[in-house]
Amino acid sequence: MNASYEWLSAIVPFDYTPAELRDLITARCCPVDELVPLRADLAAVVVGLVVEASRHPDSDHLWVTKVDAGRGELLDVVCGAPNVQAGKKYPFAPAGWTFPCGLKLEKRKIRGATSHGLLLSARELALGEDHEGLLELRTNLPPGTPFIAAMPVGDTRIVLAVTH
C-alpha cells in the first residue's frame, strides 16, 4: 500500500522526517518496504532572485540577467522569457542540472553572453504546460533555498508492506 508523507502530515501534524516516520511505522504497525522521494530530479533547483535584467544587445527578445542563487555571487543568465523582471524570484537551475526529460543544462554562450544556468517555466519543471513565461515564486524565502522547500512538490511515497 502506498501513502503520501505530505498527506499523512496534513492529517496528523508531526515533526518526523520521512526516515523517522518509516522507522516508527515499522516499529508500531507494519514494515515499510520503501521510501520513494518524489521529484528528486528538482533537488538542484533553487529560488533565484533576479537582481538585474537588461535587454541583450544582440537580440530583440533575449534578456541578460544577474541572478542571486544563494552562492554569494551573482550569476549571469541569458533569458528569453517575456515576464522576467528585476526584483522577482523564479526557479533557477544551475549549469549541470538535468531536465526531467533527460537533457543536461550546460554553461554556454548565447549570442556572445555567457549563461550560467536557466530561469525556469512550469513546463521546464514538468509541473504543467505553461511555457509562456517563467514560474514566478511569491515567497519570502531567501535566494538559494531549495525549490522543493518553496513549493510543495517534493513529497515522499511510503510503501507499506500489508499482509493478507
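Residues numbered from 1 in each chain as written. Predicted model: local features only at pLDDT ≥ 70, side-chain atom pairs only at ≥ 80, totals over all residues. Heavy atoms only, no water.

Overview of the overall build of the protein chain
Looking only at helices and strands, the protein chain features three helices and 10 strands. Secondary structure elements in the protein chain, listed N-terminal to C-terminal, are β-α-α-β-β-β-β-β-β-β-β-α-β. Relative to a compact globule of 164 residues, whose C-alpha radius of gyration would be 15 Å, the protein chain shows 19 Å and is clearly more extended. If you line up the protein chain on its principal axes, its C-alpha atoms span 65 × 30 × 25 Å. For the protein chain, the share of sequence-separated contacts (at least 6 apart) that also reach a separation of at least 24 residues comes to 58%. When the accessible surface of the protein chain is totalled, it reaches about 9,600 Å², and 53% of it is carbon and sulfur. Charge separation in the protein chain, taken as the distance between the mean sites of 16 positive and 20 negative side-chain charges, equals 5 Å. (Helix = DSSP H or I, 4+ residues; strand = E, 2+ residues; numbered from the N terminus. Rg over C-alpha atoms; globule rule 2.2 N^0.38 Å. Contact = heavy atoms within 4.5 Å. Areas by Shrake-Rupley, 256 points an atom, 1.4 Å probe, with all protein chains shown as cover. Lys, Arg positive; Asp, Glu negative; His and termini not counted. Charge placed at Lys NZ, Arg CZ, Asp CG, Glu CD.)

As for the sheet that holds strand β9 (residues 117-119)
Neighbouring strands of a sheet are bound in pairs by backbone hydrogen bonds; such pairs are parallel or else antiparallel. Read across the sheet, five strands follow the order β5-β4-β3-β6-β9 without closing on themselves; strand pairing throughout is antiparallel. In the strand order of this sheet, the two ends are held by β5 (74-79) and β9, each with one partner. Recorded for the sheet is a direction-independent mean angle of 45° between the axes of neighbouring strands. When strand β6 (residues 89-94) meets β9, the two strands line up antiparallel, connected through three bridges. For P94, the partnering residue across the bridge sits in β9 and is G117. (Pairing = 2+ DSSP bridges. Axes fitted to C-alpha atoms, helices over the stretch in contact; angles between N-to-C directions.)

Regarding the side chain of T145
Relative to the helices and strands, T145 resides in the loop between β9 and α3 (147-150). Filtering out sequence-adjacent residues up to four positions away, T145 remains in contact with V46 and V47.

Points about the environment of P91
For P91, the location among the structural elements is in strand β6. For P91, a relative accessible area of 0% gives the class buried. Excluding residues within four positions of it along the chain, P91 makes contact with V45, V46, L118, L119, L120, L125, L135, L137 and F147. (Buried < 20%, exposed > 50% of the residue type's maximum accessible area, 1.4 Å probe, protein only.)

Description of the sheet that holds strand β2 (residues 32-37)
On the basis of which strands lie adjacent, the open sheet formed by three strands has the order β1-β10-β2 and antiparallel pairing. The open sheet has two free edges, formed respectively by β1 (2-4) and β2, since each of these has just one partner strand. For this sheet the average axis-to-axis angle between neighbouring strands, irrespective of direction, equals 25°. Here three bridges tie β1 to strand β10 (residues 156-160), and the two strands are oriented antiparallel to one another. Bridged to A3 within β10 is I158. Together, β2 and β10 form the strand contacts of helix α2 (residues 18-28), whose direction differs from that of β2 by roughly 165°.

Overview of the pattern of salt bridges
Pairs can form between side chains of opposite charge whenever their charged atoms are close. By the definition in use, this model includes five salt bridges. Measuring nitrogen to oxygen at the nearest pair gives 2.7 Å for the salt bridge that ties K66 to D76. With K66 in strand β4 (residues 63-68) and D76 in strand β5, the pair connects residues that are 10 residues apart, well separated along the chain. Taking relative accessible area as the criterion, K66 reaches 28% and is therefore assigned partly exposed. Salt-bridge contacts for E136 lead to R138; the nearest nitrogen and oxygen are separated by 3.4 Å. Given a relative accessible area of 28%, E136 falls into the partly exposed group. Judged by its relative accessible area of 74%, R138 falls in the exposed class. (Salt bridge = Lys/Arg side-chain N within 4 Å of Asp/Glu carboxyl O.)

Quick notes on unusual backbone geometry
Positioned with a positive phi, R39 is a non-glycine residue whose angle comes to about 65°. Turning to its location among the elements, R39 is positioned in the loop between β2 and β3 (46-55). In the Ramachandran plot, R111 falls in the positive-phi region, its phi being about 55° despite a non-glycine side chain. Looking at where R111 falls in the secondary structure, it is placed in the loop between β7 (108-110) and β8 (113-115).

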